[in-house]
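Fold and geometry: a report
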Amino acid sequence: MATIQHSEIIKAPPERVFDLLRRVEDFADYSDLIKSIDTLGNNRYRWHVRAVGVDWSFDVAVTEITPPYVLAWESLEGVKNQGRYQLREVPEGTEVSLTLSYDIRNRLMEKAVNRAAKPLVGKVSRQILERVEARLNE
């Protein structure tokens, strides 16, 4: 599995940041690449993403919720992936760290995705966290 990490500081306390990150279905509002997220119940969601010119869908389950510090998930089908938001209070507000691991089993797609994945995940993570911060400041 390839792993990508990204972190940002949001000028808000961890509780407020976590409250928005916990609303997984709202992530489609936070990134241009996430087309939609369907709520399936029992902390399960179907993500619809457009990346590297391809439409991807995958089901995920939230596997850990520890307010206001950890939100973790893993895929149930589709693109094999798992991710974790770790929040930490810092003097400036909250440091939010994302760790995302994924595995693509199609060799042709894997090469294209691996080349684009790090900047792509960085872009999506920045968009999400910038838009979360903007929403907190509304």
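Residues numbered from 1 in each chain as written. Predicted model: local features only at pLDDT ≥ 70, side-chain atom pairs only at ≥ 80, totals over all residues. Heavy atoms only, no water.

As annotated in an unreviewed UniProt entry, the chain carries the name SRPBCC family protein and comes from Halomonas qinghailakensis.

1. Quick look at helix α1 (residues 14-21)
When α1 is considered as a whole, its buried residues turn out to be Pro14, Val17, Phe18, Leu20 and Leu21. Summarising the axial view, the buried residues of α1 lie within an arc of 160°, below the 170-degree limit, and thus occupy one face. (Buried < 20%, exposed > 50% of the residue type's maximum accessible area, 1.4 Å probe, protein only. Helix = DSSP H or I, 4+ residues; strand = E, 2+ residues; numbered from the N terminus. Arc of directions from axis to C-beta.)

2. With respect to the pattern of salt bridges
Counted according to the given criterion, the structure contains seven salt bridges. As a salt-bridge pair, Asp26 and Arg135 come within 3.9 Å of each other at their nearest N and O atoms. With Asp26 in the loop between α1 and β2 (34-41) and Arg135 in helix α2 (residues 107-136), this pair connects stretches of sequence that are 109 residues apart. Using a relative accessible area of 17% as the deciding quantity, one classes Asp26 as buried. Measuring nitrogen to oxygen at the nearest pair gives 2.6 Å for the salt bridge that ties Glu95 to Arg88. Each of the salt bridges in this network shares a partner with another, and the network as a whole consists of Asp26, Asp29 and Arg135. (Salt bridge = Lys/Arg side-chain N within 4 Å of Asp/Glu carboxyl O.)

3. Observations concerning the packing of aromatic side chains
Two aromatic rings, taken as a pair, are described by how far apart their centres are and by the angle between their planes. All told, the structure shown has five aromatic pairs when counted by the stated rule. On the numbers, 5.8 Å between centres and 70° between planes, the contact of Phe27 with Trp47 is edge-to-face. Here Trp47 lies in strand β3 (residues 44-51) and Phe27 lies in the loop between α1 and β2, a separation of 20 residues in the sequence. Given the relative accessible area of 4%, Phe27 is considered buried. (Phe/Tyr/Trp six-rings, centres within 6.5 Å; stacked < 30°, edge-to-face > 60°.)

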